[in-house]
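# Fold and contact review
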Amino acid sequence: MAIAQAQIGTSIGDIYTSTNNSATTVIFFCNTTSSDATVSAYAVASGGTAGATNQIIKDLTIAGGDTYIMNAEKLVLSNGDKIQASSDTASAVTATVSYVGI
């Protein structure tokens, strides 16, 4: 297994891009501030763009100092597929993706 990490900004940005085929095992969204932050996340096919049709988390509020763990289901990704995210507060939430090549 391996990990990818990114600080989530206010614009939609990459938190993980698959190289070859891979599967996520868990995604952590950690709010490192003392104030609440809201996060949205997307599973975007290679060459696609984030939007309502590929949103996997919509406006999730994470309390200050808390972590949301997304591990109920694995995401199987092809080469170039991405997990992207945005937050209402810049530099408040760090994403950590654990993944394995398949």
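Scroll up to find the structure.
Please read these numbers as outputs of a predicted model, since none were measured by experiment. (Residues numbered from 1 in each chain as written. Predicted model: local features only at pLDDT ≥ 70, side-chain atom pairs only at ≥ 80, totals over all residues. Heavy atoms only, no water.)

Scanning the model with the defined rule gives 1 aromatic pair in all. Here the aromatic rings of Tyr-16 and Tyr-99 are separated by 4.4 Å at their centres, their planes lie at 35°, and the arrangement is tilted. Of this pair, Tyr-16 sits in strand E2 (residues 13-17) while Tyr-99 sits in strand E9 (residues 93-101), placing them 83 residues apart in sequence. Residue Tyr-99 is classed as partly exposed on the basis of its relative accessible area, which comes to 22%. (Phe/Tyr/Trp six-rings, centres within 6.5 Å; stacked < 30°, edge-to-face > 60°. Helix = DSSP H or I, 4+ residues; strand = E, 2+ residues; numbered from the N terminus. Buried < 20%, exposed > 50% of the residue type's maximum accessible area, 1.4 Å probe, protein only.)

In globular proteins that are soluble, nonpolar side chains generally tend to be buried together. If you look at the biggest cluster of nonpolar residues, it comprises 21 residues, and the most contacted ones within it are Ile-8, Ile-15, Phe-29, Ile-83 and Val-93. Elements with a contribution of two residues or more to this core: strand E1 (2-8), E2, strand E3 (22-31), strand E4 (37-44), strand E5 (55-62), strand E8 (82-87) and E9. Those residues within four positions of Ile-83 in sequence are excluded, and the remaining contacts are Gly-13, Asp-14, Ile-15, Tyr-16, Ile-27, Tyr-42, Ala-43, Leu-75 and Leu-77. (Core = buried A, V, L, I, M, F, W, Y, C linked by side-chain atoms within 4.5 Å. Contact = heavy atoms within 4.5 Å.)

Time to look at the pattern of salt bridges. Pairing between side chains of opposite charge can happen when the charged atoms of each approach one another. Evaluation of the coordinates by the stated rule reveals 2 salt bridges. Asp-14 is the partner of Lys-82 in a salt bridge, and the nearest nitrogen-oxygen pair spans 3.2 Å. With Lys-82 in strand E8 and Asp-14 in strand E2, this pair connects stretches of sequence that are 68 residues apart. The class for Lys-82 is partly exposed, based on a relative accessible area of 26%. A salt bridge links Asp-59 to Lys-58, with the nearest nitrogen and oxygen atoms 3.4 Å apart. Judged by relative accessible area, Asp-59 falls into the partly exposed class, the value being 47%. We classify Lys-58 as exposed; its relative accessible area is 59%. (Salt bridge = Lys/Arg side-chain N within 4 Å of Asp/Glu carboxyl O.)

Don't take any of this as a statement about function, it's just geometry.
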